[in-house]
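# Descriptive structure summary
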Amino acid sequence: MSKPVNVTVWDEAEGAIGPYPQGIYTAIADFLKASGEFGEVRIALQPQPEHGLTEELLAATDVLVYWAHCYHHQVEDAIVERIRARVLNGMGLVLLHSAHASKIFGRLVGAEPAKLRWREIGELERVWRIEPAHPIAAGVPEFFDIPHSEMYGEHFQIPAPDELLFISWYEGGEVFRSGCTFTRGLGRIFFFSPGHETFPIYTLPEVQRIIINGIKWAAPTGHPKITTGEQPFIPPARA
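All of the points below concern the structure found in this document. (Residues numbered from 1 in each chain as written. Predicted model: local features only at pLDDT ≥ 70, side-chain atom pairs only at ≥ 80, totals over all residues. Heavy atoms only, no water.)

## Thoughts on the overall build of the protein chain
Across its full length, the protein chain holds five helices and nine strands. In sequence order, the protein chain lays out its α and β elements as β-α-β-α-β-α-β-α-β-β-β-β-β-α. In terms of overall size, the protein chain behaves like a compact globule, its C-alpha atoms giving a radius of gyration of 18 Å where 239 residues would be expected to give roughly 18 Å. Each principal axis of the C-alpha atoms in the protein chain carries an extent, and together these give about 70 × 40 × 35 Å. Within the protein chain, the fraction of its 239 residues that count as buried is 49%. Relative to all contacts within the protein chain whose residues are 6 or more apart in sequence, the contacts with residues 24 or more apart total 70%. As displayed, the protein chain has an accessible area near 11200 Å², and 54% of this comes from carbon and sulfur atoms. (Helix = DSSP H or I, 4+ residues; strand = E, 2+ residues; numbered from the N terminus. Rg over C-alpha atoms; globule rule 2.2 N^0.38 Å. Buried < 20%, exposed > 50% of the residue type's maximum accessible area, 1.4 Å probe, protein only. Contact = heavy atoms within 4.5 Å. Areas by Shrake-Rupley, 256 points an atom, 1.4 Å probe, with all protein chains shown as cover.)

## Looking at the sheet that holds strand E5 (residues 117-129)
Pairing is mixed across the open sheet formed by nine strands, whose spatial order is E2-E1-E3-E4-E9-E8-E7-E5-E6. The open sheet has two free edges, formed respectively by strand E2 (41-45) and strand E6 (143-153), since each of these has just one partner strand. The mean inter-strand angle of the sheet, taken between neighbouring strand axes irrespective of direction, is 25°. Sheet topology places E5 next to strand E7 (residues 163-170); five bridges connect them, and they run antiparallel. Within E7, the position partnered with Arg 126 by the bridge is Trp 169. Against the sheet, helix H5 (residues 205-218) makes contact with strand E1 (7-11), strand E3 (63-68), strand E4 (92-97), E6, E7, strand E8 (175-184) and strand E9 (187-192), and its axis sits at roughly 165° relative to E9, the strand it touches most. (Pairing = 2+ DSSP bridges. Axes fitted to C-alpha atoms, helices over the stretch in contact; angles between N-to-C directions.)

## Remarks on unusual backbone geometry
Of the consecutive residues Glu 154 and His 155, the connecting peptide bond is found in the cis state with omega at 20°. Following the sequence through the fold, His 155 ends up in the loop between E6 and E7. The phi torsion at Glu 50 lies on the positive side, around 55°, for a residue other than glycine. Residue placement: Glu 50 occurs in the loop between E2 and helix H2 (55-59). Residue classification places Glu 50 among the partly exposed residues on the basis of a relative accessible area of 37%.

## Remarks on the nonpolar core
Leu 32, Phe 166, Tyr 202 and Ile 215 are the most contacted members of the largest nonpolar core, which has 40 residues in total. Tallying contributions element by element places H5 first for this core, with seven residues. (Core = buried A, V, L, I, M, F, W, Y, C linked by side-chain atoms within 4.5 Å.)

## Observations regarding a nonpolar patch on the surface
There is a patch of nonpolar side chains on the surface, built from Trp 128, Ile 130, Phe 143, Trp 169 and Val 175 and spanning about 410 Å² of accessible area. Locating Trp 128 in the fold gives a position in strand E5. Its relative accessible area of 31% is what places Trp 128 among the partly exposed residues. (Patch = residues over 30% accessible without salt bridge, like charges linked within 9 Å, V, L, I, M, F, W, Y side chains within 5 Å. Salt bridge = Lys/Arg side-chain N within 4 Å of Asp/Glu carboxyl O.)

## A word on the pattern of salt bridges
Tallied over the entire structure, the rule returns 13 salt bridges. With a shortest N-O distance of 3.0 Å, Glu 37 and Arg 209 are connected by a salt bridge. Highlighted residues: Glu 37 in the loop between helix H1 (24-35) and E2 and Arg 209 in helix H5, separated in sequence by 172 residues. Looking at Arg 209, the relative accessible area reads 25%, which means it is partly exposed. Across the pair Arg 82 and Glu 50 runs a salt bridge whose closest N-O atoms are separated by 2.7 Å. Of this pair, Arg 82 sits in helix H3 (residues 77-88) while Glu 50 sits in the loop between E2 and H2; the two residues are 32 residues apart in sequence, bridging distant segments of the chain. Linked through salt bridges whose partners overlap, the residues forming this network are Asp 77, Glu 81, Arg 84, Lys 103 and Arg 107.

Shown next as structure tokens:
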């Protein structure tokens, strides 16, 4: 039997926001717990000491779910490097909404910040599934509509992703690479853009399924830890 996946949900703010009276982090943690597909589901918040991401917590985290929107510059570089080291050694990272502009995403994929076009008028977003056989797309319809969303449009200034899984179309005509994956070191990274705090996007079953699938896909695969730095000389065995 495989080890249960332990998840930490991180948010840049604490308290009520938009349609989430207990915070976005609680809404996400609640549906992850309700799915019954994970082990421990913890919450960490930027206002906490060390942004809630202590060495001990990250060591116990298989996948970090990272939601952010406005306060990327306030995340301490030492904590960013701590997350980056864990990802390179196998921890999964699921980045939501404006986490595309976070320090950790930029430093891992080489685009800091990863700029794009945007508009916030609450228009319809249609999310197209373009890789139906991928594990993150399991159980997701060919397309689904988000009635009100923030527009994110191309050009999205990121390196070509390893896999492009979802594309969004908006009422204004723009399109966007809204779901894509990267691998860095031993760590798997999934970016999924829908999730503006003004709208109850994380209550949609399709969005919840994609995030759940993304966490399961990003979970560590059991590779040995990467060893770097000076190493002792080990002579070859001789007959």
